[in-house]
Amino acid sequence: MQRRLTAAFAFVLLCIVFLLIRIAVVNASKGNKYAKQVLSQQTYSSRTIPARRGEIVDANGIVMARSERRYNVVLDCYAINQDEDYVEPTIRAVSKEFGVDEDKVRKIITSDATKDSRYQVLVQKVTKDQKDTFEAYKAGKDLEETEKSGGKSDKVLQAEKDERADIQGVWFEEVYQRTYPFGTLAANVVGFSNDIGDGVTGIENYYNKTLTGTDGRQFGYLDSSSGVEQSTIEPDNGKTVQMTLNMNIQQAVQDQIDAFDKEYGTEDSDGKGAKNVGVIVMDPNSGSILAMASNHEYDLSDPYGDYTQEEIKKMGNDAYVEALNKSWENFCVSQSYEPGSVVKPITVASALEEGVVHDGDHFYCGGSLFITDTKINCDNIYGHGDETLEYAIVNSCNVALMEVGAKLGVKNFIRYEKAFGFGSQTGIDLPNENAGVIYNENTMHEVELATCSFGQGFTVNMVQEAAAFSAAINGGYYYQPHVVGAILNADGTTSSTVEPLVLRQPVSQEVSRYIRRYIQTAVEQGTGKKSRVPGYLTGGKTGTAEKIDPETGKRAKGKYLVSFIGAAPIDDPKVVIYVVIDEPNVEEQADSSYPQTLFRKIATQVFPYMGIYPTEPVTDQLLQELGITKDETVENEIKSATFQCFGADRKLYNDAAVNAKGEVVDSSGNVIDGVTVNRDAGTVTDAKGNVIEVDLSALKSKSDSQLPADNPDIASPPEEQQDDKKSDSTWSGAEVSDQAREQAGDVTIAGAGGN
């Protein structure tokens, strides 16, 4: 008997030892996995702490895109169904506070498919106020006040308290919602992100990795004494992207584009004054884009538009996606076109640099020129007669430019095209850049060389032309165009900066001085007279390009893209403004006065804001020639630097400024009540008593063109890029700021190689 007991005891002891060993092995190898499975069934299981997506701000720190904290209302159906008394009070509460139909809530809680679920999102992205209101309701805060006032009997109050106590299984998941405070302003540049935080267009897309942070995590676990412990890994929020764009300049540009649409738009043209209008404002001495806009901006808060499900179904998915992509397209970056005569200064600069022409050389224009057996007209079919190289630009003479192109020759012409950035992406830090197309040495012959010399026969995008023109007039330095100036950490400190990056020097400073003189004369005496800005010395060049009919592949009679590119002050350029109007909604499209006028109106607002003040007298004759009054000159547009302030209406104004009369106004010129100015102290006091330092230095006073002839026989540009190798100029923006700092200031010679 004793032997049997000893054997049984030994067996039991052996089993216990075996189990202990097994438990130890399992705990070592899979303990964490099983612990998480257990914890996942508890209210203290692990949860994700979402990272906040970085902000996008303008050059002055004005927030253009931010992520605001919101909450998803989540139902724990399993917890609610633990007691049938919980179901109806919970349904009534969430229905009352969040406006959800009771039947919908009941179905989620009680249906077989979801009744055991611990995670059912009922309402997405409610505000903190909504969350707090629900929690106050659940806690019976309102009943406490009612009890004090004696408004209800004790029995009724107790019944309501009991019902509130039965509200169970409702919790709030922290999320972020992307908001765009300025709607359509700079929409094509800022871009937007989707519901899962991925950038779709613009900077949101290009800098998606920089803007996206890393989510944190909170774990709940049982310690050795079965107590609940919390371990938290904090999220790493995304970085802030600071643009080079200045929203005050951007607003001025968009206001003038809107005014153009309003003046020339019709119901048939969907209210647009032209098929496309694009404007770029650039610092020629750094490549920084200060403004970029078109007449196809969209609301970043509602990028998908007003398409109904029925309309989408009728269109089909492919057509719907195509329509969306078209509406989101950035004309200034993603569309290429034949530039016309705005490239004539670049052709002349190339020839001067190569030494095949010289300042003072003469040319004769008889109105047309035969290139092999092709007759190509000048814009003046009667001819300009004898003219110097300078007046070839002043008169925008095709014949003289064709002769200049012939002197350069095919090989050199193509070499300088590439040196000025044509035919390859500029590498601007925005998605979907169109590189345009140019000929190569095998496909460019006499006729192609002739037409390309005055801007027809190859295509460019707006950034390419603005950067090339800047290089021609800034001393010859080609800067990397960019829209982002710095990357900031979440705490506001600088992570990296984008320094001006000189990629090459296509022409010398001497040649650049010649070009500045030529285009100044073009504005004062030539085709650019309508662009004159009273009080300023400016220079610029018009462009009028005949378009291609996509159906026939030939020149479309009456269809033109007109443009103007100009700089100021012309003796030391600080800003370049490029205006393109594609098929203006007018009877005679081949009229460059439209972009010239738009240039002048934008410049009138932008110059004083940038600290560029009038230096020249404004005569009545000039005003008469321009068809404007003195009220439309810069003197009446001068404002201080912008600032934020509260008005008497308790509204926060992000774009306030002090005008020449000493009034505080918004971007539209409306006076903001309740704000006072102390000029002597350089301060403004807003309606809430905040004293704001403001730069008031700007208020301390300052010292018919002929329509071109058609050229229906001019060949269209090559259909594809005809180059020997793929461009490697794509730039990754601020991500390469260290490299930019190393190369800034280093100048490398690119080598020696219309209307």
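Shown above is the structure to which this text applies.
As a starting point, this report considers the structure included with it. (Residues numbered from 1 in each chain as written. Predicted model: local features only at pLDDT ≥ 70, side-chain atom pairs only at ≥ 80, totals over all residues. Heavy atoms only, no water.)

### Description of the sheet that holds strand β25 (residues 676-678)
Next up, step 1: Strands sit in the order β25-β26-β27 across an open sheet of three strands; the sheet is antiparallel. Pairing within the sheet leaves two strands with one partner each, and these edge strands are β25 and β27 (691-693). Between one strand and the next, the sheet's axes are offset by a mean angle of 25 degrees, whatever the strand orientation.
Next up, step 2: Of the strand pairs in this sheet, β25 and strand β26 (residues 683-685) are connected by three bridges, and their pairing is antiparallel. Considered in β26, the bridge of Thr676 is made with Thr685. (Pairing = 2+ DSSP bridges. Helix = DSSP H or I, 4+ residues; strand = E, 2+ residues; numbered from the N terminus. Axes fitted to C-alpha atoms, helices over the stretch in contact; angles between N-to-C directions.)

### Focus on a negative patch on the surface
Next up, step 1: Together, Asp299, Asp302, Asp306, Glu310 and Glu311 make up a negatively charged patch on the protein surface.
Next up, step 2: Here Glu311 shows up in helix α12 (residues 309-315).
Next up, step 3: The partly exposed category is assigned to Glu311, whose relative accessible area is 38%. (Patch = residues over 30% accessible without salt bridge, like charges linked within 9 Å, V, L, I, M, F, W, Y side chains within 5 Å. Areas by Shrake-Rupley, 256 points an atom, 1.4 Å probe, with all protein chains shown as cover. Salt bridge = Lys/Arg side-chain N within 4 Å of Asp/Glu carboxyl O. Lys, Arg positive; Asp, Glu negative; His and termini not counted. Charge placed at Lys NZ, Arg CZ, Asp CG, Glu CD. Buried < 20%, exposed > 50% of the residue type's maximum accessible area, 1.4 Å probe, protein only.)

### What to know about the nonpolar core
Next up, step 1: Counting 99 residues, the largest nonpolar core has Ile203, Met292, Phe420 and Ile515 as its most contacted members.
Next up, step 2: When neighbours within four sequence positions are excluded, Ile515 is seen to be in contact with Pro345, Val348, Ala349, Leu352, Ala472 and Ile473. (Core = buried A, V, L, I, M, F, W, Y, C linked by side-chain atoms within 4.5 Å. Contact = heavy atoms within 4.5 Å.)

### A word on the layout of surface pockets
Next up, step 1: By volume, the second largest pocket is sized at about 710 Å³.
Next up, step 2: Every residue lining the second largest pocket is counted, 27 residues in all, and those nearest its centre are Ser336, Tyr337, Thr459, Lys547 and Ile548.
Next up, step 3: Elements with a minimum of two residues in the lining of the second largest pocket: β9 (274-282), α14 (331-334), β19 (539-548), β20 (555-568) and β21 (575-584).
Next up, step 4: In the lining of the second largest pocket, the residues fall into 10 nonpolar, seven polar and 10 charged. (1 Å grid on protein atoms, 1.4 Å probe; cavity = no way out; pocket = protein on both sides within 12 Å on 5 of 7 lines; lining within 4 Å. Points joined across faces, edges and corners; volume = space filled by probe spheres on them. Nonpolar A, V, L, I, M, F, W, Y, C, P; charged D, E, K, R; others polar.)

### A short note on the packing of aromatic side chains
Next up, step 1: The final tally for this structure, using the stated rule, is 17 aromatic pairs.
Next up, step 2: Measuring from centroid to centroid gives 5.4 Å for Tyr264 and Tyr594, while their planes differ by 85 degrees, and the two rings are edge-to-face. Pair noted here: Tyr264 is in helix α11 (residues 247-264) and Tyr594 is in helix α21 (residues 593-609), with a separation of 330 residues, a long-range link.
Next up, step 3: Through a chain of ring-to-ring contacts, three or more aromatic side chains come together here, namely Phe192, Tyr298, Tyr304 and Trp328.
Next up, step 4: The lysine or arginine in question, Arg164, covers the ring of Tyr137, its NZ or CZ lying 3.7 Å from the ring centre. (Phe/Tyr/Trp six-rings, centres within 6.5 Å; stacked < 30°, edge-to-face > 60°. Lys NZ or Arg CZ within 6 Å of the ring centre and 35° of its normal.)

### Looking at helix α4 (residues 102-110)
An α-helical segment advances 3.6 residues per turn. Residues three or four places apart therefore align on the same side.
Next up, step 1: Those residues of α4 that fall on the buried side of the exposure criterion are Val105, Ile108 and Ile109. For α4, the angular spread of buried residues about the axis comes to 95 degrees, placing them on one side. Exposed residues lying more than 90 degrees from the buried face of α4 are Asp103 and Lys107.
Next up, step 2: Looking at the buried side of α4, the elements it contacts are β3 (63-75), α2 (77-80), α3 (84-98) and β4 (120-126).
Next up, step 3: Residue Asp101 occupies the N-cap position of α4, its side-chain oxygen lying 3.1 Å from the main-chain nitrogen of Asp103. (Arc of directions from axis to C-beta. Polar contact = N/O pair within 3.5 Å; in protein donor to acceptor, adjacent residues only side chain to side chain.)

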